[in-house]
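Okay, here's what each chain looks like letter by letter:
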Amino acid sequence: MSKPSAIEGIKIASDGLRGSINESLKDEITGAIREDDKAVIKFHGMYEQDDRDRREERAEKKLDRLYSFMIRLRLPGGFLPPEKWIAMNNAADEHSTGVIKITTRQTVQLHGILKSHIKPTISSFNEANLDSIATCGDINRNVTCASHPKQSAVHAEVFAYADKISQLLMPKTKAYYEIWLDEEKIVDKKEEEDPLYLDKYLPRKFKIGIAIPPNNDSDVFTNDLGLIAIIENNELKGFNVAVGGGLSTTHGNAETYARLATVIGYAPLDKVLKVVYEVVTTQRDFGNRSDRKLARLKYTVDRMGIDHFKAEVEKRCGFTLDDTKPYTFTTRSDYYGWHQGENNLWYYTVFVENGRVLDDEKLAMKTALLEIAKTGKCNFLFTATQNVIVADVKEEDKAAIQLLLEQFKIIEHTEGASLIKKNSIACVALPTCPLALAEAQRYLPSLLEKIEPLTKRYGIDDENIVIRMTGCPNGCGRPYAAEIGFVGTGPGLYNLHIGGDNQGERLNIKYKDSLDEKNILTTLEGLFAVYKNERVKGERFGDFVMRRQLV
Ligand code: SRM
Ligand code: SF4
């Protein structure tokens, strides 16, 4: 058997994810923490980072890197009531760069938190009943769920599963409370025995998403485990279960690949949580613990074979999965503007460019959302396309929310954005992401502004072509599941992938290597020209690319 990776040793030696974090925090000489603790704090929802824009300048001055931390909240299904929004906003102002960054998994990250500010940040979260437990690390991550209340009469019931699953798969260690909130140390270790994660946790991160057809807004097939709600006569019956989704690849490593999850059957409501649990234990016991590049569930599934994997899950469950129930996805878009849910409550989907909630010279988005939260007349829901929904607005409160949305030009901003902008995603990348090879969220808006005239020229500006960009092949903005995907290879250079479908059921294929902006625009212009002339009525860009075998 191959040797376990170094991280495996760190997890086991971490004493329930405590490591030497307390010692690292006390060390005032550096803004960083000890090497092994960098892996351990991930399980508490934090990453050590540094400002990459300032590396050179600081190196010239012989200064240490400008270290700080990113903290990611745990918000199953991306739900946030107004008082929690206010608390998060205040924590962002007091301890971070101030930018509230909505992620592609429906939660929020705060960046630039100095080491000495981590505990106060966590403490202010805790006062508001917020936490960051298990949002990173080799463990189940933030569970995503279809966002739009109008999708189904039983949206709330489906939605509740995001929370149930999150609770089911929480680690048992109390280290988070001990380290960050100064709670008493556990004396009897039996109290935190963890039958699910044991002391080794999972071989790699684990992601679960829930979708409600016909909208695949949660990009369900990109998850390690995807659940597709089956609703009959306005009643939630159960879920189709899909396993083995995951997008990351590594440039130059042919063993790595993106994969969409395979549907393996159907579980009624009384069985679905058991299935979820045993999919996780199967990955725990069969996943690759020596090569982290090949450790995600997708590789376990392919190594074992889908039938063997399914049989193992069924054996552990003590029952078999039923046959997959029929379902159809027709879209993957957020429904912008005002909509009424089946529960008669109203909601407004706000376009947030690349998920960055901030005030700038053009738009006071952050103040607007804070003022809306202060009314207490709504909840908030984050979408997997990095937008925010002002949700659960009563008929009698709608005018007050509308007034604020108008006053702060949120409606103008949302309605004014092009369709390709509103369907796009870019990951964080520079300056905080240590793995970025190229820009993403700081660059995509300007690139799209150059692509918009091309879509107009070829009369396809009424198409919601899904365009996504990431600064490296890890795929945090899910570029391989886009109709047009840009994957950073070096400064200013991107692989161009085309041919994914609009609703997220087919991956794209790499078309060109390392294009600069000029070549991106020329290449896209050529493709748009052919698309305009040769598509059949109603044919989507990605489908056209595949039918015409352009890639
Ligand atoms: Fe991601 C690592 C940001 C969604 C695949 N991701 C990172 C790190 C933490 C970099 C690092 O390891 O130090 C990035 C932090 C950047 C920063 O400065 O904030 C980062 N990932 C993000 C977010 C914030 C992108 C965004 O702009 O929204 C998303 C946070 C989601 C969340 O709330 O949990 C984010 N990451 C994703 C997704 C998309 C998804 O899950 O829907 C993927 C592809 C799907 C998948 O997992 O297969 C993704 N991130 C990765 C990977 C590759 C994992 C692998 O299988 O190899 C890494 C690198 C790693 O884990 O080693 C990574
Ligand atoms: Fe960083 Fe790469 Fe993820 Fe973008 S895709 S946030 S560059 S790890």
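Computed from a prediction, not measured in an experiment: that's the story for all the values here.

Requested: an account of the site of ligand 1, with residues and values cited.
With respect to spatial proximity, 30 residues lie near ligand 1, and among them Thr103, Leu247, Thr432, Cys476 and Arg478 are the closest. One of the backbone nitrogen or oxygen atoms of Thr104 is found 2.9 Å away from an oxygen atom of ligand 1. His111 is positioned such that a nitrogen or oxygen atom in its side chain is 2.7 Å from an oxygen atom of ligand 1. Of all the elements in the fold, those that place two or more residues in the shell around ligand 1 are strand S1 (46-50), strand S2 (67-72) and strand S5 (108-113).

Outline the side chain of Thr470, supporting the account with residue identities and numerical values.
Mapped onto the elements of the fold, Thr470 is located in strand S17 (residues 467-470). For Thr470, the contacting residues outside a window of four places in its chain are Cys427, Ala440, Gly475, Cys476, Gly477, Arg478, Pro479, Phe486, Val487, Gly488 and Tyr494.

I'd like to hear about helix H6 (residues 115-127), residue by residue, with values.
Among the residues making up H6, those that are buried are Lys115, Ile118, Thr121, Ile122, Ser124 and Phe125. Down the axis of H6, the buried side of the element spans an arc of 160 degrees, and every buried residue falls inside it. Exposed residues on H6 whose side chains face more than 90 degrees from its buried face are Ser116 and Glu127. Buried residues in H6 make contact with helix H2 (21-26), S1, S2, helix H5 (82-95), S5 and helix H8 (175-181). Downstream of H6 by a residue or two, Asn129 has a phi angle that is positive, lying close to 65 degrees.

Pulling in residues and values, what's your account of the side chain of Glu483?
With respect to the helices and strands, Glu483 occurs in the loop between S17 and strand S18 (484-490). Although buried, Glu483 forms no salt bridge, and the nearest oppositely charged side chain, Arg540, lies 5.8 Å from it. A polar side-chain atom of Glu483 sits 3.5 Å from the main-chain amide nitrogen of Phe541. If we skip the residues at most four places from it in the chain, Glu483 touches Asn464, Ile465, Val466, His497, Ile498, Gly499, Gly500, Asp501, Asn502, Arg540, Phe541 and Gly542.

An account of unusual backbone geometry is needed here, citing residue identities and associated values.
That bond from Pro213 to Pro214 is cis: its omega, 10 degrees, falls within 30 degrees of zero. Note that the residue after Leu430, namely Pro431, is joined by a cis bond; omega there is 10 degrees. Looking at the secondary structure, you find Pro431 in the loop between strand S16 (425-426) and helix H16 (444-457). Positioned with a positive phi, Ala134 is a non-glycine residue whose angle comes to about 60 degrees. Looking at where Ala134 falls in the secondary structure, it is placed in the loop between H6 and strand S6 (144-145). Judged by its relative accessible area of 4%, Ala134 falls in the buried class. A positive phi angle is found at Lys409, which is not glycine, with a value near 60 degrees.

Now, about the site of ligand 2: what can you tell me, with residues and values included?
The full set of residues close to ligand 2 is Cys427, Val428, Ala429, Cys433, Leu435, Ala436, Thr470, Gly471, Cys472, Asn474, Gly475 and Cys476. Here the residues of the shell around ligand 2 are counted per class, giving 8 nonpolar, 4 polar and no charged.

Describe the environment of Gln407, naming the residues involved and giving the relevant values.
Along the chain, the position of Gln407 falls in helix H13 (residues 398-407). For Gln407, a relative accessible area of 53% gives the class exposed. Measuring from C-alpha to C-alpha, the distance between Gln407 and Ala368 comes to 8.4 Å, with 39 residues separating the pair along the chain.

Each value, and the rule that gives it
- Residues numbered from 1 in each chain as written.
- Chains lettered and ligands numbered in written order.
- Predicted model: local features only at pLDDT ≥ 70, side-chain atom pairs only at ≥ 80, totals over all residues.
- Heavy atoms only, no water.
- Near = heavy atom within 4 Å.
- Polar contact = N/O pair within 3.5 Å; in protein donor to acceptor, adjacent residues only side chain to side chain.
- Helix = DSSP H or I, 4+ residues; strand = E, 2+ residues; numbered from the N terminus.
- Contact = heavy atoms within 4.5 Å.
- Buried < 20%, exposed > 50% of the residue type's maximum accessible area, 1.4 Å probe, protein only.
- Arc of directions from axis to C-beta.
- Lys, Arg positive; Asp, Glu negative; His and termini not counted.
- Salt bridge = Lys/Arg side-chain N within 4 Å of Asp/Glu carboxyl O.
- Nonpolar A, V, L, I, M, F, W, Y, C, P; charged D, E, K, R; others polar.

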